[in-house]
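Chains, contacts and geometry: an overview
Chain by chain, the residues run as shown.
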Amino acid sequence: MPAYTVTVSTGSQWFAGTDDYIYITLVGTERCSERTLLDKPLYNDFERGAVDSYDVRVGENLGDIVLVKIEKKKYWVHDDWYCRYITVKTPSGDYVEFPCFRWLVDDKEVVLRDGRAHLPQDDKTSLVKQHRQKELDMRRKTYRWKEWQPGFPMSIDANRHKDLPRDIQFDSEKGVDFVLNYSKAIENLFVNQFMHMFQSSWSDFADFEKIFVRIKNTISEYVMQHWKEDFMFGYQFLNGCNPVMIQKCTKLPDKFPVTNEMVSVSLERELTLEEEIEAGNIYIVDYEVIDGISANCTDPCTLQYLAAPICLLYKNIQNKILPIAIQLGQTSGDHNPIFLPTDGQYDWLLAKIWVRSADFQYHQTITHLLKTHLITEVFAIAMFRQLPAVHPVYKLLMPHIRFTIAINTKAREQLICECGIFDKANATGGGGHVQLIQKAMKCLTFRSLCFPDMIKARGVDKKEELPTYFYRDDGYRVWEATKRYFVSDVVHIYYTSDETVQEDEEIQAFIKDVCSFGMQDFDYCEFPKSVKSREELIEYLTVVVFTASAQHAAVNFGQYDWCSWIPNAPSTMRRPPPNQKGLADVNMIIESLPDRGRSSWHLGAVWALSQYQENELYLGMYPDEHFIEKPVKAAMEKFRKQLAEISSSIKRRNDGKKLPYYNMSPDRIPNSVAV
């Protein structure tokens, strides 16, 4: 009798093994095998991390093996099982691989196709067409859209992490429990003695060191020592954790009436302000989107305040970016003075602190939450709904959306919900963060997610003009490597022409689902509803991969570096912005900065958010082999080599620097948004 050898690989994560009964049916082009129990006598099958082999005997040859059906039946109590892959060795000695990488829960079955990727138009037999459609029908019932807040990108229809499909849950929910992690961080940082001391101000700047001294690192310590300096203030717009705000100033806005007389003492080239603008040496940062946002009022004992400042920056003859004028509101007038470096030292320092606080709000809510977490979730849900596991784009994107829906669901459950952790220490807590995202959505376009377009739109694309803008330089290189050495190669392997892209109904449905449902077809978002060429598809997929990996890493993992010294990134302000000069002194600044309790929660947050996952997978690491074809594996290897070269050159550049920039180094970029 012909025999097929079936090799089964069980996952190595916690609780991946099972004691339940596992059955297999081989489906060939000629006939099917009998339903066969996979069991060895006196052997504990399907243990965590195990690779087990079994013989499946048949009466006649099955033909080419097309599908493998796996069923799990309860032995004693339901015991979930994570199957990595199944390999079938045919009687003629050929091997057929069936990637799985999913959980079997309850008395469920999974039907797998072999690991070769296929476009929908490539499938010719009714058997594989039906399998493809059945998988999508099931997924659309499982992965449903839901509007968490009006005007937000759509999210998954699940209120809690445990309500999610098992395949997209974290392996261990404990590892991403925000309350647990923040409390653990506060304990590890030895600030738990302060965490309940709300309304209790620090005595002076040095007093902040009480919650800082245990956790020094190169950058955060340097920030603590130099945070008052104009150079440090300006540098963060280039390479801090929110390096997306600075833009070339080609004309001063009417609402910000800075005159040459005000700033001439700060200009070094013997040019007027107008001439410096024409020469391309003036930059601007405007937090207009924060104007009108409600400040946190969840604690009746502490009034909290927001401002929407505008800041003028000057590139001096040493190519340093320095602040030369700050207005703390959007409307000019006597009540809203323009603060200058020539003002009293505390007036100027307090104005800069207000800008840093506004930058923190913008960073947390828009740059980080909206433009990486929530946007990547939209791509992930659309992928699950419209692309079957056999589709090459599903295989390409899967590692880059790993755990994203899970971390976002957990955030909605504990972090940004009503009375969540966000409310404890942030000026935009208590609903302001919701308003901020609703406003920011009105100017979020697809092009603003394309890294080169985003850089160029702000007029900061020329290296000779801003030679120390490392976020831009490293981002360009990672974007280009991702696009040219990975996404482009994979697209060209499976799509032989632009017509092939147009004829792929599933990829068109994916693009349309993102726009029409995920982004709710908002008129202003300008997300494409279809792709007509390979080049358009390559750019679209590069946006997904880059946003989920490099962009998220750039704006997430530097948070402890730049925000742990509280006066450099206050999460809230307890006094209103000054409406006249000459009022500020040390006491006023200390009373404006977060109290001891809020400082401790803030510190726990930025520490916890800056931690990498256990067993982190970095860009280019694809241990789950969704692709089995050699050309794709060769493209991945080429991609990894390119990334390694970028990492090496960044390391060489950083050597000896007091302020190294490594947030865009590929060896520190996780594949997906999972923190």
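Residues numbered from 1 in each chain as written. Predicted model: local features only at pLDDT ≥ 70, side-chain atom pairs only at ≥ 80, totals over all residues. Heavy atoms only, no water.

With that settled, consider the packing of helix α13 (residues 470–494) against helix α16 (residues 534–556). When two helices pack together, you describe them by how their axes are tilted relative to each other and by the distance separating the axes. The contact between α13 and α16 brings their axes to 9 Å, and the two run at 135°. The angle between α13 and α16 places the two elements in the oblique class. Seen along the crossing, α13 lies across α16 with a hand that is right-handed. (Axes fitted to C-alpha atoms, helices over the stretch in contact; angles between N-to-C directions. Helix = DSSP H or I, 4+ residues; strand = E, 2+ residues; numbered from the N terminus. Parallel < 35°, antiparallel > 145°, perpendicular 65-115°, else oblique. Left-handed = near helix turned anticlockwise from the far one by under 90°.)

Attention shifts here to the sheet that holds strand β15 (residues 338–339). Spatial ordering of the open sheet is given by β11-β12-β13-β14-β15, a layout of five strands whose pairing is antiparallel. Across the chains shown, the open sheet's two edge strands, defined by having one partner strand only, are β11 (247–248) and β15. Alignment of strand β13 (residues 310–315) against strand β14 (residues 321–327), held across six bridges, turns out to be antiparallel. Of the residues in β14, the one forming a bridge with L312 is A325. Where helix α4 (residues 230–239) meets the sheet, its contacts fall on β12 (282–286), β13 and β14, and the angle it forms with β14 comes to roughly 95°. Its contacts with the sheet put helix α7 (residues 345–386) on β14 and β15, and the angle it makes with β14 is roughly 95°. (Pairing = 2+ DSSP bridges. Contact = heavy atoms within 4.5 Å.)

Moving on: the sheet that holds strand β3 (residues 36–37). In any sheet, the strands associate via hydrogen bonds between backbone groups, in a parallel or an antiparallel arrangement. Spatially, four strands are ordered β3-β2-β5-β8 in an open sheet, and the strand pairing comes out antiparallel. Only two strands of the sheet have a single partner each, and these edge strands are β3 and β8 (109–113). Where strand β2 (residues 21–28) and strand β5 (residues 65–73) come together, eight bridges link them in antiparallel fashion. Across the sheet, residue Y23 finds its bridge partner in β5, namely E71. Seen against the sheet, helix α1 (residues 126–142) touches β2, β5 and β8 and runs at an angle of roughly 130° to β8.

A few words on unusual backbone geometry. At F101, a residue that is not glycine, the phi angle is positive and equals roughly 50°. Here F101 shows up in strand β7 (residues 95–104). A positive phi is found at D106, a non-glycine position, where the angle reads about 50°. Tracing the chain through its elements places D106 in the loop between β7 and β8.

This paragraph deals with the UniProt feature "binding site: Ca(2+) 2" (unreviewed entry) in the chain. The UniProt feature table records "binding site: Ca(2+) 2" (unreviewed entry) at D39. If we skip the residues at most four places from it in the chain, D39 touches D45 and Y54. (UniProt positions renumbered as here; feature names shortened; annotations may be inferred.)

This next bit is on the UniProt feature "binding site: Ca(2+) 1" (unreviewed entry) in the chain. Those places that UniProt annotates as "binding site: Ca(2+) 1" (unreviewed entry) correspond, in this numbering, to G17, D79 and D80. On the basis of their most widely separated C-alpha atoms, the annotated residues across 64 residues gather in one place, lying no more than 8.2 Å apart. In this structure, D79 sits in the loop between β5 and β6 (81–89). D79 has contacts with G17, T18, D19, D20 and K72, leaving out every residue within four places of it along the chain.

Turning to the pairing of β5, a few remarks are in order. Of all nine residues in β5, seven are buried; the element is thus mostly enclosed. Inspection of the sheet shows β5 paired to β8 by five bridges, in the antiparallel sense. If you follow V68 over to β8, its bridge partner there is L112. (Buried < 20%, exposed > 50% of the residue type's maximum accessible area, 1.4 Å probe, protein only.)

Here the focus is the pattern of salt bridges. For the coordinates displayed, the defined rule picks out 38 salt bridges. Of the charged contacts in the structure, one is a salt bridge between R57 and D55, with a shortest N-O distance of 3.9 Å. For D55, a relative accessible area of 46% corresponds to the partly exposed category. A salt bridge links D123 to R132, with the nearest nitrogen and oxygen atoms 2.7 Å apart. Assigned by exposure class, D123 and R132 land together as buried. Residues joined by salt bridges that share partners form a network here, namely R113, D123, R132 and E506. (Salt bridge = Lys/Arg side-chain N within 4 Å of Asp/Glu carboxyl O.)

A full pass over the atoms with the stated rule returns 27 aromatic pairs. Residues Y235 and W562 carry aromatic rings whose centres are separated by 6.1 Å and whose planes lie at 35° to one another, so their mutual orientation is tilted. Pair noted here: Y235 is in helix α4 and W562 is in helix α17 (residues 559–563), with a separation of 327 residues, a long-range link. Arranged with centres 6.3 Å apart and planes meeting at 75°, the rings of F384 and Y394 form a pair that is edge-to-face. (Phe/Tyr/Trp six-rings, centres within 6.5 Å; stacked < 30°, edge-to-face > 60°.)

Quick look at the nonpolar core now. Ranked by size, the top nonpolar core spans 168 residues in total, and within it Y471, F510 and F527 carry the most contacts. No other element matches the 22 residues that α7 contributes to this core. Ignoring sequence-local partners within four residues, the contact set of F527 consists of F379, L444, T445, F446, L449, V514, C515 and M519. Core analysis: the second largest hydrophobic core is formed by 25 residues, L62, C83, F98 and L112 among them. (Core = buried A, V, L, I, M, F, W, Y, C linked by side-chain atoms within 4.5 Å.)

Here we take up the packing of α7 against α16. Relative to each other, α7 and α16 sit at 145°, their axes nearing to 10 Å. Where α7 crosses over α16, the handedness of that crossing is left-handed. Residue-level contacts link H363, T367, H368, K371, T372, H373, T376 and F379 of α7 to Y540, V543, V544, T547, A548, Q551, H552, V555 and N556 of α16. For the contact of α7 with α16, a count of residues per class yields six nonpolar, 10 polar and one charged. (Nonpolar A, V, L, I, M, F, W, Y, C, P; charged D, E, K, R; others polar.)

The subject of this paragraph is α1. In this model α1 runs 24 Å from its N-terminal to its C-terminal C-alpha over 17 residues, within 8% of the 24 Å that 1.5 Å per residue would give. Of all the positions in α1, only V128, H131, R132, E135, L136 and R139 are classed as buried. Angularly, the buried residues of α1 cover 125° about the axis, an arc narrow enough to put them on a single face. Seen from the open side of α1, the exposed residues pointing more than 90 degrees away from its buried face are S126, Q130, K134, M138 and K141. The elements touched by buried residues of α1 are β5, β7, β8, α7, α8 (392–397) and α15 (505–518). (Expected span 1.5 Å × (residues − 1). Arc of directions from axis to C-beta.)

What follows is about the environment of V128. Inspection of the secondary structure assignment puts V128 in helix α1. When neighbours within four sequence positions are excluded, V128 is seen to be in contact with V66, R113 and D123.

Below, the discussion takes up α15. In an α-helix, one turn spans 3.6 residues, which is why side chains three or four residues apart end up on the same side. Over its 14 residues, α15 extends 18 Å from the first C-alpha to the last, a length consistent with the 20 Å expected when each residue adds 1.5 Å. A bend of about 30° at K512 is the largest found in α15. Where burial is concerned, most of α15 is hidden: 10 out of the 14 residues are buried. Along α15, the residues that are buried comprise E506, I507, Q508, F510, I511, D513, V514, C515, S516 and G518. Packed against the buried residues of α15 are α1, β9 (145–146), α7, α8, α14 (498–503) and α16. (Bend = angle between axes of the 7 residues up to and from the residue.)

Now for the pairing of strand β4 (residues 51–57). Of the two faces of β4, the one holding D52, Y54 and V56 is buried and the one holding V51, S53, D55 and R57 is not buried anywhere. Sheet analysis places strand β1 (residues 3–10) next to β4, joined by seven bridges and oriented antiparallel. Looking at the pairing, Y4 lines up with V56 of β4.

Take F98: it is sitting in strand β7. Residue classification places F98 among the buried residues on the basis of a relative accessible area of 0%.

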